[in-house]
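Reading the structure
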Amino acid sequence: MTVRTAREAQRHALRPGKPDGRRLVIIFAITQTLGYGCLAQGFSVLLIPMSHDLHSSRTAITMASTISTLIGAFAAYPVGRVMDRYGGRALMTAGSTSGVMGVFLWSWSTGLPELYAAFVLIGLALAMSTYDAAFAVVVVATATDRRDGAIVTITMITGFLTSFFYPLIGWLQGGLGWRTTLQVLAVAMMLIVIPAHLWAVPGRATHHSRITKRTGFQLGDAIRTARFWLLLVSFVAQAGTTSGFLVMMVTYFQDVGFSAHTASTLPLAVGVLQLASRLALAPLSARFGMLPVTTFSFAAQALGLLLLPLAGASILPTVLCIMAFGLGYGVSVVARPSVVAGTFGVTRFASIMAVTAVPMAFARAGTPLVAAWLENWRFLILLGSVTAVAAVALVPLARHQHRADR
(Lines give C-alpha, C1' and ligand atoms only; values in the text may rest on other atoms or scores of the structure.)
Protein backbone atom coordinates (compact mmCIF):
# COMPACT_ATOMS: atom_id res chain seq x y z
CA MET A 1 0.00 0.00 0.00
CA THR A 2 1.39 3.42 -0.91
CA VAL A 3 1.65 6.28 1.58
CA ARG A 4 -1.10 8.15 -0.29
CA THR A 5 -3.40 5.13 -0.23
CA ALA A 6 -2.77 4.61 3.48
CA ARG A 7 -3.60 8.24 4.24
CA GLU A 8 -6.80 8.04 2.21
CA ALA A 9 -7.82 4.88 4.09
CA GLN A 10 -7.11 6.58 7.41
CA ARG A 11 -9.21 9.63 6.47
CA HIS A 12 -12.02 7.30 5.37
CA ALA A 13 -11.91 5.45 8.70
CA LEU A 14 -11.99 8.66 10.71
CA ARG A 15 -15.09 9.84 8.85
CA PRO A 16 -17.16 6.69 9.15
CA GLY A 17 -20.52 8.12 8.21
CA LYS A 18 -19.78 9.69 4.87
CA PRO A 19 -20.22 6.71 2.52
CA ASP A 20 -23.63 5.50 3.66
CA GLY A 21 -24.89 7.84 6.39
CA ARG A 22 -27.46 9.41 4.08
CA ARG A 23 -28.65 6.01 2.90
CA LEU A 24 -29.06 4.86 6.50
CA VAL A 25 -31.14 7.92 7.34
CA ILE A 26 -33.49 7.26 4.41
CA ILE A 27 -33.78 3.54 5.13
CA PHE A 28 -34.33 4.00 8.86
CA ALA A 29 -36.94 6.71 8.27
CA ILE A 30 -38.88 4.12 6.26
CA THR A 31 -38.31 1.06 8.44
CA GLN A 32 -38.89 2.84 11.75
CA THR A 33 -42.14 4.33 10.45
CA LEU A 34 -43.40 0.92 9.37
CA GLY A 35 -41.97 -0.82 12.42
CA TYR A 36 -43.65 1.41 14.99
CA GLY A 37 -46.76 1.84 12.88
CA CYS A 38 -47.30 -1.90 12.48
CA LEU A 39 -46.04 -3.12 15.87
CA ALA A 40 -47.25 -0.45 18.27
CA GLN A 41 -49.51 2.28 16.92
CA GLY A 42 -52.47 0.06 16.13
CA PHE A 43 -52.90 -1.29 19.64
CA SER A 44 -54.72 1.76 20.99
CA VAL A 45 -57.06 1.92 17.99
CA LEU A 46 -57.82 -1.82 18.08
CA LEU A 47 -58.20 -2.09 21.87
CA ILE A 48 -62.00 -1.87 21.92
CA PRO A 49 -62.75 -4.27 19.01
CA MET A 50 -60.19 -6.75 20.36
CA SER A 51 -61.80 -6.57 23.79
CA HIS A 52 -65.22 -7.32 22.31
CA ASP A 53 -64.04 -10.08 19.96
CA LEU A 54 -61.87 -11.86 22.54
CA HIS A 55 -64.47 -11.38 25.31
CA SER A 56 -61.86 -9.88 27.62
CA SER A 57 -61.58 -6.69 29.65
CA ARG A 58 -59.56 -3.74 28.44
CA THR A 59 -57.12 -4.31 31.28
CA ALA A 60 -56.56 -7.94 30.21
CA ILE A 61 -56.01 -6.87 26.60
CA THR A 62 -53.66 -4.08 27.72
CA MET A 63 -51.57 -6.74 29.48
CA ALA A 64 -50.37 -7.78 26.00
CA SER A 65 -48.71 -4.39 25.58
CA THR A 66 -47.18 -4.81 29.04
CA ILE A 67 -45.79 -8.23 28.11
CA SER A 68 -44.27 -6.78 24.96
CA THR A 69 -42.56 -4.04 26.93
CA LEU A 70 -41.25 -6.43 29.60
CA ILE A 71 -39.81 -8.74 26.96
CA GLY A 72 -38.12 -5.71 25.44
CA ALA A 73 -36.69 -4.85 28.86
CA PHE A 74 -35.20 -8.32 29.38
CA ALA A 75 -33.80 -8.32 25.85
CA ALA A 76 -32.38 -4.77 25.94
CA TYR A 77 -29.01 -5.45 27.56
CA PRO A 78 -28.13 -8.57 25.51
CA VAL A 79 -29.19 -6.69 22.39
CA GLY A 80 -26.99 -3.74 23.35
CA ARG A 81 -23.97 -5.96 23.96
CA VAL A 82 -24.43 -7.66 20.60
CA MET A 83 -24.84 -4.29 18.86
CA ASP A 84 -21.61 -2.95 20.39
CA ARG A 85 -19.69 -6.07 19.38
CA TYR A 86 -21.14 -7.13 16.03
CA GLY A 87 -23.16 -4.27 14.58
CA GLY A 88 -26.78 -4.24 13.56
CA ARG A 89 -27.39 -6.05 10.27
CA ALA A 90 -28.15 -9.57 11.48
CA LEU A 91 -29.82 -8.36 14.68
CA MET A 92 -32.16 -5.85 13.04
CA THR A 93 -33.08 -8.27 10.25
CA ALA A 94 -33.92 -10.97 12.79
CA GLY A 95 -35.91 -8.45 14.83
CA SER A 96 -37.96 -7.43 11.81
CA THR A 97 -38.69 -11.08 11.08
CA SER A 98 -39.85 -11.57 14.67
CA GLY A 99 -42.15 -8.58 14.25
CA VAL A 100 -43.77 -9.98 11.12
CA MET A 101 -44.38 -13.31 12.84
CA GLY A 102 -45.77 -11.55 15.91
CA VAL A 103 -48.27 -9.42 13.97
CA PHE A 104 -49.50 -12.45 12.03
CA LEU A 105 -49.96 -14.37 15.29
CA TRP A 106 -51.72 -11.33 16.78
CA SER A 107 -54.21 -11.37 13.90
CA TRP A 108 -54.90 -15.09 14.41
CA SER A 109 -55.46 -14.84 18.17
CA THR A 110 -58.67 -16.37 19.48
CA GLY A 111 -57.88 -15.86 23.16
CA LEU A 112 -55.51 -14.20 25.58
CA PRO A 113 -52.77 -16.91 25.51
CA GLU A 114 -52.25 -16.50 21.76
CA LEU A 115 -52.41 -12.73 22.04
CA TYR A 116 -49.79 -12.71 24.77
CA ALA A 117 -47.54 -15.07 22.77
CA ALA A 118 -47.78 -12.72 19.80
CA PHE A 119 -46.63 -9.83 21.94
CA VAL A 120 -43.61 -11.78 23.15
CA LEU A 121 -42.43 -11.80 19.53
CA ILE A 122 -43.39 -8.15 19.10
CA GLY A 123 -41.43 -7.22 22.23
CA LEU A 124 -38.33 -8.90 20.82
CA ALA A 125 -38.87 -7.11 17.51
CA LEU A 126 -39.12 -3.70 19.18
CA ALA A 127 -35.90 -4.30 21.14
CA MET A 128 -33.96 -5.59 18.14
CA SER A 129 -35.12 -3.42 15.26
CA THR A 130 -36.58 -0.07 16.35
CA TYR A 131 -35.17 3.19 17.70
CA ASP A 132 -32.47 2.08 20.15
CA ALA A 133 -31.05 -0.41 17.66
CA ALA A 134 -31.23 2.13 14.83
CA PHE A 135 -29.56 4.84 16.94
CA ALA A 136 -26.75 2.44 17.88
CA VAL A 137 -26.07 1.92 14.18
CA VAL A 138 -26.34 5.62 13.34
CA VAL A 139 -23.97 6.95 16.05
CA VAL A 140 -21.24 4.58 14.85
CA ALA A 141 -21.92 4.95 11.13
CA THR A 142 -22.05 8.76 11.04
CA ALA A 143 -19.49 11.43 11.84
CA THR A 144 -19.96 13.26 15.15
CA ASP A 145 -20.98 16.54 13.52
CA ARG A 146 -23.71 14.75 11.54
CA ARG A 147 -25.02 12.52 14.33
CA ASP A 148 -27.69 14.78 15.79
CA GLY A 149 -28.89 15.78 12.34
CA ALA A 150 -29.28 12.13 11.35
CA ILE A 151 -31.18 11.27 14.54
CA VAL A 152 -33.42 14.34 14.22
CA THR A 153 -34.25 13.50 10.60
CA ILE A 154 -35.11 9.88 11.35
CA THR A 155 -37.24 10.68 14.37
CA MET A 156 -38.87 13.69 12.74
CA ILE A 157 -40.08 11.69 9.77
CA THR A 158 -41.00 8.65 11.86
CA GLY A 159 -42.81 10.62 14.56
CA PHE A 160 -44.89 12.51 12.03
CA LEU A 161 -45.76 9.64 9.71
CA THR A 162 -46.58 7.12 12.44
CA SER A 163 -49.31 9.48 13.67
CA PHE A 164 -51.15 8.78 10.42
CA PHE A 165 -51.29 5.12 11.37
CA TYR A 166 -54.00 5.92 13.93
CA PRO A 167 -56.58 7.09 11.37
CA LEU A 168 -55.24 4.63 8.76
CA ILE A 169 -55.67 1.65 11.06
CA GLY A 170 -59.01 3.00 12.24
CA TRP A 171 -60.15 3.25 8.60
CA LEU A 172 -58.85 -0.22 7.73
CA GLN A 173 -60.42 -1.71 10.83
CA GLY A 174 -63.78 -0.19 9.95
CA GLY A 175 -63.71 -1.74 6.49
CA LEU A 176 -61.74 -4.98 6.96
CA GLY A 177 -61.96 -5.82 10.64
CA TRP A 178 -59.07 -5.83 13.06
CA ARG A 179 -57.69 -9.22 12.02
CA THR A 180 -57.35 -8.47 8.31
CA THR A 181 -55.98 -5.03 9.15
CA LEU A 182 -53.15 -6.64 11.10
CA GLN A 183 -52.42 -9.05 8.26
CA VAL A 184 -52.09 -6.11 5.85
CA LEU A 185 -49.59 -4.51 8.23
CA ALA A 186 -47.61 -7.76 8.59
CA VAL A 187 -47.31 -8.14 4.81
CA ALA A 188 -46.07 -4.54 4.50
CA MET A 189 -43.33 -5.23 7.04
CA MET A 190 -42.37 -8.50 5.38
CA LEU A 191 -42.00 -6.91 1.94
CA ILE A 192 -40.25 -3.69 2.98
CA VAL A 193 -38.65 -3.72 6.43
CA ILE A 194 -36.87 -7.08 6.40
CA PRO A 195 -35.15 -6.59 2.98
CA ALA A 196 -34.25 -2.97 3.83
CA HIS A 197 -32.44 -3.92 7.05
CA LEU A 198 -30.66 -6.79 5.35
CA TRP A 199 -29.48 -4.55 2.53
CA ALA A 200 -28.65 -1.23 4.20
CA VAL A 201 -27.46 -1.87 7.78
CA PRO A 202 -23.66 -2.27 8.01
CA GLY A 203 -22.40 -5.75 8.78
CA ARG A 204 -19.95 -6.97 11.41
CA ALA A 205 -16.70 -6.16 9.56
CA THR A 206 -17.74 -2.60 8.74
CA HIS A 207 -18.98 -2.00 12.27
CA HIS A 208 -15.73 -3.29 13.79
CA SER A 209 -13.58 -1.11 11.53
CA ARG A 210 -15.51 1.96 12.63
CA ILE A 211 -15.85 1.31 16.36
CA THR A 212 -12.10 0.83 16.83
CA LYS A 213 -11.55 4.44 15.74
CA ARG A 214 -13.97 5.93 18.29
CA THR A 215 -13.70 6.68 22.01
CA GLY A 216 -16.04 6.72 24.99
CA PHE A 217 -16.81 5.63 28.56
CA GLN A 218 -16.88 2.01 29.56
CA LEU A 219 -20.24 0.96 30.97
CA GLY A 220 -19.02 0.67 34.57
CA ASP A 221 -17.47 4.14 34.50
CA ALA A 222 -20.65 5.69 33.09
CA ILE A 223 -23.01 4.30 35.72
CA ARG A 224 -20.80 5.59 38.54
CA THR A 225 -21.50 9.21 37.56
CA ALA A 226 -24.31 11.36 39.02
CA ARG A 227 -25.19 12.52 35.50
CA PHE A 228 -26.15 8.99 34.53
CA TRP A 229 -28.60 8.61 37.42
CA LEU A 230 -30.27 11.99 36.93
CA LEU A 231 -30.72 11.21 33.25
CA LEU A 232 -32.06 7.78 34.15
CA VAL A 233 -34.68 9.16 36.55
CA SER A 234 -35.83 11.73 34.03
CA PHE A 235 -36.10 9.49 31.00
CA VAL A 236 -37.67 6.63 32.95
CA ALA A 237 -40.38 8.91 34.35
CA GLN A 238 -41.09 10.51 30.99
CA ALA A 239 -41.10 7.18 29.14
CA GLY A 240 -43.67 5.70 31.51
CA THR A 241 -46.07 8.62 31.22
CA THR A 242 -45.72 8.76 27.45
CA SER A 243 -46.48 5.06 27.12
CA GLY A 244 -49.50 5.29 29.39
CA PHE A 245 -51.01 8.17 27.47
CA LEU A 246 -50.33 6.75 24.00
CA VAL A 247 -52.00 3.46 24.91
CA MET A 248 -55.03 5.04 26.58
CA MET A 249 -55.63 8.27 24.68
CA VAL A 250 -57.99 7.02 21.94
CA THR A 251 -60.06 5.14 24.51
CA TYR A 252 -60.09 8.20 26.80
CA PHE A 253 -61.26 10.49 24.01
CA GLN A 254 -64.14 8.15 23.26
CA ASP A 255 -65.02 7.90 26.95
CA VAL A 256 -65.32 11.71 27.31
CA GLY A 257 -67.67 11.96 24.34
CA PHE A 258 -65.73 12.13 21.07
CA SER A 259 -66.81 9.86 18.22
CA ALA A 260 -64.61 6.89 17.32
CA HIS A 261 -63.46 8.66 14.15
CA THR A 262 -62.57 11.89 15.96
CA ALA A 263 -60.87 9.98 18.78
CA SER A 264 -58.61 8.15 16.32
CA THR A 265 -57.87 11.41 14.43
CA LEU A 266 -56.96 13.59 17.43
CA PRO A 267 -53.54 11.90 17.87
CA LEU A 268 -52.47 13.62 14.64
CA ALA A 269 -51.83 16.64 16.90
CA VAL A 270 -49.08 14.60 18.57
CA GLY A 271 -47.45 14.06 15.19
CA VAL A 272 -47.68 17.74 14.29
CA LEU A 273 -45.88 18.80 17.46
CA GLN A 274 -43.35 16.00 17.12
CA LEU A 275 -42.50 17.38 13.69
CA ALA A 276 -42.44 21.01 14.84
CA SER A 277 -40.35 20.30 17.94
CA ARG A 278 -37.79 18.30 16.01
CA LEU A 279 -37.56 20.92 13.26
CA ALA A 280 -36.85 23.52 15.94
CA LEU A 281 -34.62 21.29 18.06
CA ALA A 282 -31.33 21.81 16.20
CA PRO A 283 -31.34 25.64 16.33
CA LEU A 284 -32.79 25.72 19.84
CA SER A 285 -30.27 23.21 21.22
CA ALA A 286 -27.45 25.12 19.51
CA ARG A 287 -28.67 28.34 21.14
CA PHE A 288 -29.71 27.11 24.60
CA GLY A 289 -28.27 23.58 24.88
CA MET A 290 -29.98 20.20 24.51
CA LEU A 291 -30.63 19.73 28.24
CA PRO A 292 -32.40 23.09 28.87
CA VAL A 293 -34.59 22.55 25.82
CA THR A 294 -35.44 19.03 27.00
CA THR A 295 -36.26 20.30 30.49
CA PHE A 296 -38.68 22.87 29.08
CA SER A 297 -40.35 20.34 26.79
CA PHE A 298 -40.91 17.87 29.65
CA ALA A 299 -42.46 20.67 31.72
CA ALA A 300 -44.79 21.51 28.81
CA GLN A 301 -45.77 17.85 28.49
CA ALA A 302 -46.61 17.71 32.21
CA LEU A 303 -48.75 20.82 31.93
CA GLY A 304 -50.65 19.46 28.93
CA LEU A 305 -51.49 16.21 30.73
CA LEU A 306 -52.56 17.98 33.92
CA LEU A 307 -54.86 20.36 32.04
CA LEU A 308 -56.41 17.80 29.67
CA PRO A 309 -59.18 16.72 32.11
CA LEU A 310 -60.43 20.31 32.12
CA ALA A 311 -60.87 20.23 28.33
CA GLY A 312 -63.61 17.61 28.41
CA ALA A 313 -65.04 17.08 24.92
CA SER A 314 -64.05 20.55 23.63
CA ILE A 315 -61.89 20.23 20.53
CA LEU A 316 -59.62 23.29 20.79
CA PRO A 317 -58.39 22.91 24.39
CA THR A 318 -58.04 19.15 23.85
CA VAL A 319 -55.86 19.72 20.78
CA LEU A 320 -53.73 22.27 22.66
CA CYS A 321 -53.14 19.80 25.50
CA ILE A 322 -52.26 17.02 23.04
CA MET A 323 -49.83 19.36 21.32
CA ALA A 324 -48.12 20.11 24.64
CA PHE A 325 -47.80 16.38 25.17
CA GLY A 326 -46.40 15.98 21.65
CA LEU A 327 -43.74 18.62 22.37
CA GLY A 328 -42.22 16.58 25.19
CA TYR A 329 -42.64 13.32 23.35
CA GLY A 330 -40.98 14.67 20.23
CA VAL A 331 -37.96 16.10 22.00
CA SER A 332 -37.40 13.12 24.31
CA VAL A 333 -36.82 10.64 21.50
CA VAL A 334 -33.98 12.75 20.08
CA ALA A 335 -32.62 14.03 23.39
CA ARG A 336 -31.88 10.64 24.93
CA PRO A 337 -29.47 9.28 22.26
CA SER A 338 -27.98 12.73 21.70
CA VAL A 339 -27.30 13.34 25.41
CA VAL A 340 -26.02 9.80 26.02
CA ALA A 341 -23.65 9.92 23.02
CA GLY A 342 -22.50 13.44 23.86
CA THR A 343 -21.94 12.60 27.53
CA PHE A 344 -20.52 9.09 27.40
CA GLY A 345 -19.18 8.65 23.85
CA VAL A 346 -19.74 5.96 21.24
CA THR A 347 -17.62 2.96 22.25
CA ARG A 348 -20.26 1.43 24.55
CA PHE A 349 -23.18 3.53 23.40
CA ALA A 350 -25.55 0.61 22.79
CA SER A 351 -24.81 -0.97 26.18
CA ILE A 352 -25.31 2.31 28.07
CA MET A 353 -28.54 2.96 26.16
CA ALA A 354 -29.63 -0.59 27.01
CA VAL A 355 -29.03 -0.08 30.73
CA THR A 356 -31.26 2.99 30.62
CA ALA A 357 -33.75 1.13 28.43
CA VAL A 358 -34.42 -1.61 31.00
CA PRO A 359 -36.07 0.56 33.71
CA MET A 360 -37.66 2.64 30.95
CA ALA A 361 -39.25 -0.53 29.62
CA PHE A 362 -40.59 -1.47 33.04
CA ALA A 363 -42.08 2.01 33.33
CA ARG A 364 -43.65 1.68 29.89
CA ALA A 365 -45.01 -1.72 30.87
CA GLY A 366 -46.53 -0.77 34.20
CA THR A 367 -47.90 2.68 33.50
CA PRO A 368 -50.55 1.66 30.92
CA LEU A 369 -51.90 -0.92 33.38
CA VAL A 370 -52.16 1.68 36.13
CA ALA A 371 -53.74 4.12 33.67
CA ALA A 372 -56.28 1.52 32.51
CA TRP A 373 -57.13 0.74 36.14
CA LEU A 374 -57.55 4.39 37.16
CA GLU A 375 -59.43 5.45 33.99
CA ASN A 376 -61.09 8.83 33.47
CA TRP A 377 -59.25 11.98 34.55
CA ARG A 378 -57.35 10.36 37.42
CA PHE A 379 -54.79 8.67 35.18
CA LEU A 380 -54.02 12.01 33.50
CA ILE A 381 -53.25 13.64 36.87
CA LEU A 382 -50.89 10.78 37.71
CA LEU A 383 -49.13 10.96 34.34
CA GLY A 384 -48.77 14.74 34.49
CA SER A 385 -47.32 14.63 38.00
CA VAL A 386 -44.74 11.98 37.08
CA THR A 387 -43.74 13.96 33.96
CA ALA A 388 -43.14 16.98 36.20
CA VAL A 389 -40.65 14.83 38.14
CA ALA A 390 -38.89 14.09 34.84
CA ALA A 391 -38.50 17.81 34.18
CA VAL A 392 -37.24 18.58 37.71
CA ALA A 393 -34.58 15.81 37.50
CA LEU A 394 -32.98 17.54 34.52
CA VAL A 395 -32.72 20.97 36.17
CA PRO A 396 -29.29 20.37 37.84
CA LEU A 397 -27.84 19.05 34.58
CA ALA A 398 -29.28 21.91 32.56
CA ARG A 399 -27.84 24.44 35.01
CA HIS A 400 -24.45 22.74 34.85
CA GLN A 401 -24.50 22.84 31.07
CA HIS A 402 -25.48 26.53 31.14
CA ARG A 403 -22.56 27.38 33.43
CA ALA A 404 -20.17 25.32 31.29
CA ASP A 405 -21.29 27.13 28.13
CA ARG A 406 -20.83 30.60 29.60
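Higher on the page you've got the structure.
Everything numeric in this text was worked out from a predicted model, so none of it was measured.

Reading the values: the criteria
- Residues numbered from 1 in each chain as written.
- Predicted model: local features only at pLDDT ≥ 70, side-chain atom pairs only at ≥ 80, totals over all residues.
- Heavy atoms only, no water.
- Core = buried A, V, L, I, M, F, W, Y, C linked by side-chain atoms within 4.5 Å.
- Buried < 20%, exposed > 50% of the residue type's maximum accessible area, 1.4 Å probe, protein only.
- Helix = DSSP H or I, 4+ residues; strand = E, 2+ residues; numbered from the N terminus.
- Contact = heavy atoms within 4.5 Å.
- Phe/Tyr/Trp six-rings, centres within 6.5 Å; stacked < 30°, edge-to-face > 60°.
- Salt bridge = Lys/Arg side-chain N within 4 Å of Asp/Glu carboxyl O.

With that settled, consider the nonpolar core. By size, the foremost hydrophobic cluster in this structure holds 59 residues, and its most contacted members are Phe-28, Met-83, Leu-231 and Phe-349. Among the elements that line this core, the one with the most residues is helix H6 (residues 131-141), at 10 residues. Listed in part, the 55 residues of the second largest apolar core include Leu-47, Ala-118, Tyr-252 and Leu-308.

It is worth spelling out the environment of Leu-47 at this point. Looking at the secondary structure, you find Leu-47 in helix H2 (residues 21-53). Leu-47 gets classed as buried once you look at its relative accessible area, which sits at 0%. Residues Leu-47 and Ile-61, 14 residues apart in the sequence, show an inter-C-alpha distance of 7.1 Å. Residues within four places of Leu-47 in sequence aside, it is in contact with Arg-58, Ile-61, Thr-62 and Thr-251.

The tally for this structure, following the rule as stated, stands at 16 aromatic pairs. On the basis of an interplanar angle of 55° and a centroid distance of 4.6 Å, the ring pair of Phe-245 and Phe-325 is categorised as tilted. With Phe-245 in helix H12 (residues 226-255) and Phe-325 in helix H16 (residues 315-344), this pair connects stretches of sequence that are 80 residues apart. With respect to class, Phe-245 is no different from Phe-325; both count as buried.

Moving on to the pattern of salt bridges. Per the stated rule, a full pass over the model turns up 4 salt bridges. Of the charged contacts, one joins Asp-221 and Arg-224 as a salt bridge, the two residues approaching to 2.7 Å between their closest N and O atoms. Classification of Arg-224 by relative accessible area gives exposed; the value is 64%.

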